[in-house]
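Architecture and fold: a report
Residues per chain, in single letters:
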Amino acid sequence: IRAEVAHGLQKDPEVLAQVWVLGVLQHVRTNVLGGGASSKAMCAVSAKELQKQIRAMSGLRVLDRGQQHLVDGSFFVPNVCGTIAAWDCGSSGCCGRWEPHSFLLLGDGNIADVTADQFGSCFPQLWWPADARW
């Protein structure tokens, strides 16, 4: 089975790139944050390192299309993790807050984020493709 999977990956550079990007996300998280360190306030340095690592891997060009943008933006943190999102709030009031956040936007339009978990346990440590609504 392993040989069949490896052969299939060689035939489809996009699938191979998707596998690689998850490895790069894990590598960056481990090397920037260490084993059990918190990701709180580490998003900018982590996103910068992720950008550097992805630029170094020519096999990822099918995903980033030669373009990655380090975004210093915001992240919506719901009051109750996972139950209410910003787009569900309506005019009655705020059901969360916006926090500053940095992440990497790839050329294919997908977001790669290795520190979203700083906003609560309902967000993954490695988020790719991350949900842009947050």
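Above this text you will find the structure in question.
As a starting point, this report considers the structure included with it. (Residues numbered from 1 in each chain as written. Predicted model: local features only at pLDDT ≥ 70, side-chain atom pairs only at ≥ 80, totals over all residues. Heavy atoms only, no water.)

**Considerations on the packing of helix H2 (residues 13–33) against helix H3 (residues 43–55)**
- Close contact between H2 and H3 brings their axes to 10 Å; oriented N to C, the two are set at 135°. By the criterion of interaxial angle, the relationship of H2 to H3 is oblique. Relative to H3, H2 is oriented so that their crossing is right-handed. Taking contact as the criterion, the partners of Val-21, Val-24, Leu-25, His-27, Val-28, Val-32 and Leu-33 in H2 are, on H3, Val-45, Ser-46, Glu-49, Leu-50, Gln-53 and Ile-54. (Axes fitted to C-alpha atoms, helices over the stretch in contact; angles between N-to-C directions. Helix = DSSP H or I, 4+ residues; strand = E, 2+ residues; numbered from the N terminus. Parallel < 35°, antiparallel > 145°, perpendicular 65-115°, else oblique. Left-handed = near helix turned anticlockwise from the far one by under 90°. Contact = heavy atoms within 4.5 Å.)

**Let's talk about the packing of aromatic side chains**
- Under the counting rule described, the total for this entry stands at five aromatic pairs.
- Considering the side-chain rings of Phe-76 and Trp-98, the 5.1 Å spacing of their centres and the 65° angle between planes classify their relative orientation as edge-to-face. Here Trp-98 lies in strand E2 (residues 96–106) and Phe-76 lies in strand E1 (residues 68–78), a separation of 22 residues in the sequence.
- Joined through ring pairs, the aromatic side chains of Phe-75, Phe-119, Phe-123 and Trp-127 make up one cluster. (Phe/Tyr/Trp six-rings, centres within 6.5 Å; stacked < 30°, edge-to-face > 60°.)

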